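Residues per chain are reported as follows:
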Amino acid sequence: MVGIPAIDLRLAGERPEESARLQDACERLGCFRVSGHGVPAALQAEMKAAVRALFDLPDEAKRRNADIIAGSGYVAPSPANPLYEAFGLLDAAAPADVDAFCARLDAPPRVRETVKSYAEAMHELIVDVAGKVAASLGLEGHPFQDWPCQFRMNRYNYTQDTVGSSGVQIHTDSGFLTVLQEDDCVGGLEAWSNGRLHTVKHRVQCVAAVPRISIAMFLLAPKDDRVCAPEAFVDEQHPRRFKPFNYDDYRKLRLSTGERAGEALARMAA
Ligand code: MG
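Residues numbered from 1 in each chain as written. Predicted model: local features only at pLDDT ≥ 70, side-chain atom pairs only at ≥ 80, totals over all residues. Heavy atoms only, no water.

**Student:** In this structure, what is going on with the layout of surface pockets? I would like to understand it.
**Tutor:** Space left empty within the atom packing is revealed by a probe, the size of a water molecule, rolled over the atoms. Of the voids in this model, the largest pocket is the one considered here, and its volume is about 890 Å³. Lining the largest pocket are 40 residues, with Y84, R152, V168, H171 and D173 sitting closest to its centre. Of all the secondary structure elements, the ones that give two or more residues to the lining of the largest pocket are β4 (149–156), β5 (166–171), β6 (177–181), β7 (202–205), β8 (212–219) and α7 (247–257). When the residues that make up the lining of the largest pocket are grouped by side-chain class, the tally is 17 nonpolar, 13 polar and ten charged. (1 Å grid on protein atoms, 1.4 Å probe; cavity = no way out; pocket = protein on both sides within 12 Å on 5 of 7 lines; lining within 4 Å. Points joined across faces, edges and corners; volume = space filled by probe spheres on them. Helix = DSSP H or I, 4+ residues; strand = E, 2+ residues; numbered from the N terminus. Nonpolar A, V, L, I, M, F, W, Y, C, P; charged D, E, K, R; others polar.)

Written as structure tokens, this is what we have:
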């Protein structure tokens, strides 16, 4: 955590110097911690318990969490990431989709309530963070409310024997912005800002013999699926670096080529 700045979201909307710190974190590092986010600690703890309950379901139930788009559903342990498994929910911004996710897994009523409240709170948060990042760059009134969101609940099945090994291989996230509970906050900002904002490469290493839970919300792409840096980021000194592309195509390309650490972006070069 050393060197990762903490941004107070309450101040970022009000004080230019906090907004400037946010901009600097996005351009230089591609990640920051947030405080003043308004997601109650009790809800975060309840959600972790709910996620543990979902991972205790039998394999047959887990596999009912099918993909909506490539890679959006249940991820079983694999040769590349043998310690990692995850549930995925798309679109976490749509209450009906959250209900459908819980219904398919036959989740108990208490778990459903928690997942619903948490998804709502995290959606509000990610829209708020995205708006403040945009505002820090001088983009006012940029709407993120209707962008699809993917919600991912991760479990790392660590044991004594796995300490020192990889939890998840090095990668970048494919969407616009990620908010993560229980870890730092990572983003995929580069393609969206004509290279102005930094996409952070990250991985997970097993450092202790205890199962690890983390919960991520990904703000994926505009509703029309079109990724194109705003005109405000393009001028003579900064020619367009990426041609406009469909987010879904980029996501499929990452999966089909195995290029998970941002290499696939080179194929989108203008
Ligand atoms: Mg990631």
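**Student:** I'm lost on the nonpolar core in this one. Help?
**Tutor:** Taken as a class, soluble globular proteins show a tendency for nonpolar side chains to be buried jointly. F151, M153 and L219 are the most contacted members of the largest nonpolar core, which totals 67 residues. For this core, the element with the most residues is helix α6 (residues 109–136), which contributes 13 residues. Beyond its immediate stretch of four places on either side in the chain, M153 contacts M47, V51, L54, F55, E85, A86, F87, L89, F101, S214 and I215. One finds L83, Y84, Y156 and V168 within the second-largest nonpolar core, a separate group that totals eight residues. (Core = buried A, V, L, I, M, F, W, Y, C linked by side-chain atoms within 4.5 Å. Buried < 20%, exposed > 50% of the residue type's maximum accessible area, 1.4 Å probe, protein only. Contact = heavy atoms within 4.5 Å.)

**Student:** Looking at this structure, how should I read the coordination of the magnesium ion?
**Tutor:** Note on metal sites: the ideal angle is 109.5 degrees for four tetrahedral donors, and 90 or 180 degrees for six octahedral donors. H171 (NE2), D173 (OD) and H202 (NE2) make up the full set of protein donors to the magnesium ion, lying at 2.2 to 2.3 Å. Read N to C, the donor residues that coordinate the magnesium ion are spaced as H-x1-D-x28-H. Of this pair, D173 sits in the loop between β5 and β6 while H202 is found in strand β7, placing the two residues 29 residues apart along the sequence. The burial state of D173 is the same as that of H202; both residues are buried. (Donors = N, O, S within 2.8 Å, 3.2 Å for Na, K, Ca; no water.)

**Student:** Sorry if this is basic, but what is going on with the confidence of the model for the protein chain here?
**Tutor:** Note: predicted coordinates in regions of low pLDDT should not be interpreted at a detailed level. For the protein chain, per-residue confidence averages 90 on the pLDDT scale, and residues scoring 70 or more make up 96% of the total. Counted against residues more than four places away or in other chains, residues 183–187, with its pLDDT under 50, gives 24 contacts. (pLDDT = per-residue confidence, 0-100.)

**Student:** What is the right way to look at the packing of aromatic side chains in this model?
**Tutor:** Two measures describe an aromatic ring pair: the distance that separates the ring centres and the angle between the ring planes. Across all of its chains, the model carries 13 aromatic pairs by this definition. With a centroid separation of 5.6 Å and 75 degrees between ring planes, the pair formed by F176 and W192 is classed as edge-to-face. With F176 in the loop between β5 and β6 and W192 in the loop between β6 and β7, this residue pair connects regions lying 16 residues apart in the sequence. The residues F176 and W192 share a single accessibility class, namely buried. Each ring, one from W192 and one from Y247, has its centre 6.5 Å from the other, and the planes form 40 degrees; the classification is tilted. On the criterion of sequence distance, the pair formed by W192 in the loop between β6 and β7 and Y247 in helix α7 is long-range, its members being 55 residues apart. Note on Y247: relative accessible area 2%, which makes it buried. Taken together, the ring pairs connect F144, W147, F176, W192 and Y247 into an aromatic cluster. (Phe/Tyr/Trp six-rings, centres within 6.5 Å; stacked < 30°, edge-to-face > 60°.)

**Student:** Looking at this structure, how should I read α7?
**Tutor:** In an α-helix, one full turn covers 3.6 residues, which means residues spaced three or four apart are oriented alike. Within α7, the full set of buried residues consists of Y247, Y250, R251 and R254. The arc that holds the buried residues of α7, viewed along the axis, is 100 degrees, so those residues lie on one side. Its buried side turned inward, α7 meets β4, β9 (226–227) and β10 (245–246). Looking one or two residues past α7, G258 carries a phi angle of roughly 70 degrees, positive in sign. (Arc of directions from axis to C-beta.)

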